[in-house]
Amino acid sequence: MFDPFIAPSGTLLGLLQRGRGDGTLHALAAPRPEALAALNHCVLSDPRHDWQVENRSLYYARLYLDLDGGTEEIERHLWDPEDHLDTDDSRTGLALAVLGHLASYGRDDALVLLRRYAATGANWAWALDELALRDDDAGLRSLAGPVTDRFPATPQGDAELAAAVRDAFEPRPWRLWADDPRPAIGARIRAAGERGSFDRWQRQMRPGGPRPGWSVQAVFDWAQQGLERGSVLHVPAARCLTAVAGAEDRPLIVEAARGGPDGARCAALHYLAEARDPAVLDLIEQAAVDPSRTVADAAVAAFERMCGESAVERARRWAHRPDALGASASGVLACRGVAQDAPLVLAALRETVRGDGPDAPRLWTLVDGTGRLEIACAAPVLRHIYRETSSSHLRGRAAQALAATDPSFATGFAVECLWDCEETTREVAALHAETGDIRVAERLRRLAADPAEEAEVQTAVRSRIGPDAPAV
């Protein structure tokens, strides 16, 4: 999947693509055709960089309800001829998830579309999972024939059916169909389930691949052979060293960490870092500038796995470095530093935003650290990240950090966060939003009554509007 184009944050489309609460508020104030056009664009062209971890479906479904939007554009998208050419889940997954939420709110048109797509669409398994959570038994039983017919009664078809039953995210439909009296359906599903269980047992019993011998040198050889095959075995090799290495093996391991073959060197660095060996920090510093990118990256990764005061102290020395080890050191201080480290964390935060923009992966740790250390003067940078990042998870972390650093958060961003696409962000907002704003009181009541809302959010809401809470 190509990286999506994200519109500027000041536009309605840009707000909706980011899943910001202001997107909903602006859409409700905009002309309805314009708002629906932007909403359909987001649902049909998934704006998420990582659709497996970022939430949008409930956010968009709620906006469809607020705008009284139809599902005609989603229907056209699902039955486009491209559906059978581009079968990647990311093309239709968001649209199907939105339909699932609409069905849970009682939209029969969404339920009908999901049933039709489960019967004929390429991404039928996703649609079936949505129906498994929302449809009644009769609706699911009506799909037994169309779904089973996807798998011809041949050895290959039976194997594919067994894999589908075994790997189903929601097993409810398959369990219903296993009781179907028709041999072509019930008997096949039961046989497929038995075969899938046997395949799973075989996988658990089958060795996972080559294993190292029972010596330090054998582990090093195994790690090196894996690297030559394209498998990164540094961390499992380090665990193996923990099992086989004794005190007498330390010179060999240190020597491998200083100048051994790349695979052995990386494994040795990880092992020594886990063991907090007194020599490991100097070895990591040396390896971090090695011409081999594999060794340099492994050195940084080994350092990030370390804990203890010695690692934090060395991070204070390395935080000024302009390389990957310096960036890693700033992250260590953000996670494990103390108040005296706040200037270094703040400097790294500002430099990362200036150099790499508001979506840089390093920002996740730095934003968390800024909030943990309560660096008040970081609020302007955090507000910029909140507004501009296209990652809803990073925006949520920025909101959490602003709650700890920005006195204006309760009357500012916390209000719009009540409409955010991420439940963790809504939870932060429910705990901090100023209830003197009439929009906040109304929104808290709506979230408390919404059966689709996450339990953690509703718990936070009730802490603000419960019998022991201040009046809302």
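Being a predicted model, the structure only gives us computed values, none of them experimental.

Engineer: Go over the side chain of Glu130 with me, naming the residues and quoting the values.
Structural biologist: With respect to the element layout, Glu130 can be found in helix H8 (residues 124–134). For Glu130, a relative accessible area of 11% corresponds to the buried category. Within the structure, the side chain of Glu130 is placed 2.3 Å from the side chain of Arg134, a separation counted as a polar contact. The residues contacting Glu130, other than those within four sequence positions of it, are Leu96, Ala97, Gly100 and Leu114.

Engineer: Any details on the packing of helix H3 (residues 32–44) against helix H6 (residues 89–104)? Residues and values, ideally.
Structural biologist: Taken N-terminus to C-terminus, the directions of H3 and H6 make an angle of 125 degrees; their axes are 7 Å apart at the nearest point. As summarised for this structure, H3 and H6 are arranged oblique, according to the angle between their axes. Contacts between H3 and H6 involve Cys42, Val43 and Leu44 from the former and Arg91, Leu94, Ala95 and Val98 from the latter. Classifying every residue of the contact of H3 with H6 by side-chain character gives six nonpolar, no polar and one charged.

Engineer: Give me the packing of aromatic side chains: which residues, what numbers.
Structural biologist: All told, the structure shown has eight aromatic pairs when counted by the stated rule. Each ring, one from Phe303 and one from Trp318, has its centre 5.0 Å from the other, and the planes form 65 degrees; the classification is edge-to-face. Separated by 15 residues along the polypeptide, Phe303 in helix H19 (residues 293–304) and Trp318 in helix H20 (residues 309–318) bring together distant segments of the chain. Given the relative accessible area of 2%, Trp318 is considered buried.

Engineer: Let's hear about helix H23 (residues 363–372): which residues, and what values?
Structural biologist: Residues lying three or four places apart along an α-helix face the same way, a consequence of the helix completing one turn every 3.6 residues. Listed as buried for H23 are Leu363, Leu366, Val367, Gly369, Thr370 and Gly371. In the core, the buried residues of H23 are packed alongside helix H21 (324–336), helix H22 (342–356), helix H24 (379–388) and helix H25 (392–405).

Conventions we followed
- Residues numbered from 1 in each chain as written.
- Predicted model: local features only at pLDDT ≥ 70, side-chain atom pairs only at ≥ 80, totals over all residues.
- Heavy atoms only, no water.
- Helix = DSSP H or I, 4+ residues; strand = E, 2+ residues; numbered from the N terminus.
- Buried < 20%, exposed > 50% of the residue type's maximum accessible area, 1.4 Å probe, protein only.
- Polar contact = N/O pair within 3.5 Å; in protein donor to acceptor, adjacent residues only side chain to side chain.
- Contact = heavy atoms within 4.5 Å.
- Axes fitted to C-alpha atoms, helices over the stretch in contact; angles between N-to-C directions.
- Parallel < 35°, antiparallel > 145°, perpendicular 65-115°, else oblique.
- Nonpolar A, V, L, I, M, F, W, Y, C, P; charged D, E, K, R; others polar.
- Phe/Tyr/Trp six-rings, centres within 6.5 Å; stacked < 30°, edge-to-face > 60°.

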